[in-house]
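Architecture and fold: a report
Listed below are the residues making up each chain.
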Amino acid sequence: MITLLIVIFSLIVLIILHELGHFLVAKKFGVKVEEFGIFLPPRLFGRKIGETIYSVNLIPLGAFVRVLGEEGEAGIHDIRSFASKPIWQRSLIVAGGVISFWVVAAILMSFVMWLGFQVAVSDNDNGSLINPRVQITMVAQDSPAQAAGLKIGDAVREFSVDNLQFSIDKVRQLQELTQQHKGQEVTLTVERGKEIFSVSLVPRVSSPQGEGSMGVVLVRTASERYPGYLAPIKGVEATLRMTGNII
């Protein structure tokens, strides 16, 4: 339920930011904005500041901006209507919502770069890594890992078997130890958020096609962070890179 509420809240905030992009660009080009509403009508209350009504509405499904001449008829001959503006300005007003997402993404990514974040690194990368660890990125159905309660995002810190204990910070280490002790009960020390606990499982001697003995996909990660003066540059770069990946 908490996760669902966070998702709903996040979507509402994103829609408000989207509409704010339309609002700001419309104001920039001198279009009369009749109303900026949070949530959808019917209206609960509103206040007119200047020429714009700022309202809070009943149905919590987003937000909206109402501009003069948006439908193309009312106010079409008014110099401050949306319909009277040249097509390049109308295009930018329409695109303003999407542009706001890029701006917000760049700001958020800049904070991430400054605070620190996890990146995938190679087993061969032995440079100045911060907190290198092996994380689970997928758990197969009906696998020993699933039966043991392992979840995506868990970090395997130690591997124990026959009173022997091995620290784990590379994928290759965990894979090799698992292969050497197939069919034996092993204990994994797992980090999940701030919680550290142990689980026991028996790696399969024979596993289904495309799955390993434990039934997990692993990646080595490490923390990375940038100083304040570099964080905005890296934030913009990350935003552009993510945009390209999505395309």
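Now for a look at the structure at hand. Just so it is clear, the model here is predicted, and its values are computed rather than measured. (Residues numbered from 1 in each chain as written. Predicted model: local features only at pLDDT ≥ 70, side-chain atom pairs only at ≥ 80, totals over all residues. Heavy atoms only, no water.)

Time to look at the overall build of the protein chain. Looking only at helices and strands, the protein chain has 5 helices and 9 strands in total. From first element to last, N terminus to C terminus, the protein chain shows the α and β order α-β-β-α-β-β-α-β-β-α-β-β-β-α. Its C-alpha atoms give the protein chain a radius of gyration of 26 Å, clearly above 18 Å, the size a compact globule of 247 residues would have. C-alpha atoms of the protein chain, sized along the principal axes, occupy 85 × 40 × 35 Å. The burial tally for the protein chain puts 34% of its 247 residues in the buried class. For the protein chain, long-range pairs separated by at least 24 residues make up 57% of all intrachain contacts whose partners lie at least 6 apart in sequence. Carbon and sulfur atoms form 63% of the exposed surface of the protein chain, whose accessible area is close to 15,000 Å². Each charge class in the protein chain can be summarised by its mean position, and for the 23 positive and 22 negative side chains these summaries are 8 Å apart. (Helix = DSSP H or I, 4+ residues; strand = E, 2+ residues; numbered from the N terminus. Rg over C-alpha atoms; globule rule 2.2 N^0.38 Å. Buried < 20%, exposed > 50% of the residue type's maximum accessible area, 1.4 Å probe, protein only. Contact = heavy atoms within 4.5 Å. Areas by Shrake-Rupley, 256 points an atom, 1.4 Å probe, with all protein chains shown as cover. Lys, Arg positive; Asp, Glu negative; His and termini not counted. Charge placed at Lys NZ, Arg CZ, Asp CG, Glu CD.)

Another aspect to go through is the nonpolar core. Counting 21 residues, the largest nonpolar core has Ile-136, Leu-150, Phe-159, Leu-174, Leu-188, Val-216 and Leu-218 as its most contacted members. Those residues in contact with Leu-188 that sit more than four places away from it in its chain are Leu-150, Val-156, Glu-158, Phe-159, Leu-174, Phe-197, Ser-198, Val-199, Leu-201 and Met-214. (Core = buried A, V, L, I, M, F, W, Y, C linked by side-chain atoms within 4.5 Å.)

One can find Gly-153 in the loop between helix H3 (144-147) and strand S5 (155-161). It is 38 Å that separates the C-alpha atoms of Gly-153 and Leu-58, two residues lying 95 residues apart in sequence. Residues contacting Gly-153, with those up to four places away along its chain left out, are Gln-135, Ile-136 and Glu-191.

What follows concerns the pattern of salt bridges. Evaluated as defined, the whole model comprises 11 salt bridges. Taking the shortest distance from any N to any O, the salt bridge between Glu-35 and Arg-43 comes out at 3.1 Å. In this structure, Arg-133 engages Glu-191 in a salt bridge whose closest nitrogen and oxygen atoms are separated by 3.5 Å. Residue Arg-133 is found in strand S4 (residues 130-139), and its partner Glu-191 is found in strand S7 (residues 186-192); the two are separated by 58 residues along the sequence. Where salt bridges share partners, they join Glu-34, Glu-35, Arg-43 and Arg-66 into one cluster. (Salt bridge = Lys/Arg side-chain N within 4 Å of Asp/Glu carboxyl O.)

For the rest of this paragraph, the subject is the packing of aromatic side chains. The final tally for this structure, using the stated rule, is 3 aromatic pairs. Look at Phe-23 and Tyr-54: their rings are 6.1 Å apart centre to centre, the planes differ by 70°, and that puts the pair in the edge-to-face class. One end of the pair, Phe-23, is in helix H1 (residues 2-28); the other, Tyr-54, is in strand S2 (residues 52-67), with 31 residues separating them in the sequence. The exposure class assigned to Phe-23 is buried, which follows from its relative accessible area of 9%. Ring centres of Phe-29 and Trp-88 lie 5.4 Å apart, and the angle between their planes is 75°; on these two criteria the pair is classed as edge-to-face. Of this pair, Phe-29 sits in the loop between H1 and strand S1 (33-49) while Trp-88 sits in helix H2 (residues 87-115), placing them 59 residues apart in sequence. Taking relative accessible area as the criterion, Phe-29 reaches 17% and is therefore assigned buried. Grouping aromatic residues by their ring pairs yields a cluster made of Phe-23, Phe-36 and Tyr-54. (Phe/Tyr/Trp six-rings, centres within 6.5 Å; stacked < 30°, edge-to-face > 60°.)

Next up on the list: unusual backbone geometry. Cis geometry is found at the peptide bond from Pro-41 to Pro-42, where omega equals 15°. Of note, Pro-42 is situated in strand S1. With a phi close to 55°, Asn-131 is a non-glycine residue in the positive phi region. Its location among the elements puts Asn-131 in strand S4. Residues other than glycine seldom take positive phi values, yet Asp-162 does so here, at roughly 50°. With respect to the secondary-structure elements, Asp-162 resides in the loop between S5 and strand S6 (164-167).

This part is about the pairing of strand S9 (residues 216-224). Sheet topology places strand S3 (residues 117-120) next to S9; 4 bridges connect them, and they run antiparallel. Bridging from a neighbouring strand, Ala-120 pairs with Thr-221 of S9. (Pairing = 2+ DSSP bridges.)

So, on to helix H5 (residues 231-246). Since the α-helix turns once every 3.6 residues, residues separated by three or four places project in the same direction. Over its 16 residues, H5 extends 22 Å from the first C-alpha to the last, a length consistent with the 22 Å expected when each residue adds 1.5 Å. Among the residues of H5, Ala-231, Gly-235, Ala-238, Thr-239 and Thr-243 are the ones counted as buried. Here the buried residues of H5 occupy an arc of 135° about the axis, which is enough to place them on one side. In this structure, the buried residues of H5 make contact with H2. (Expected span 1.5 Å × (residues − 1). Arc of directions from axis to C-beta.)

All we've got here are geometric facts, nothing functional implied.
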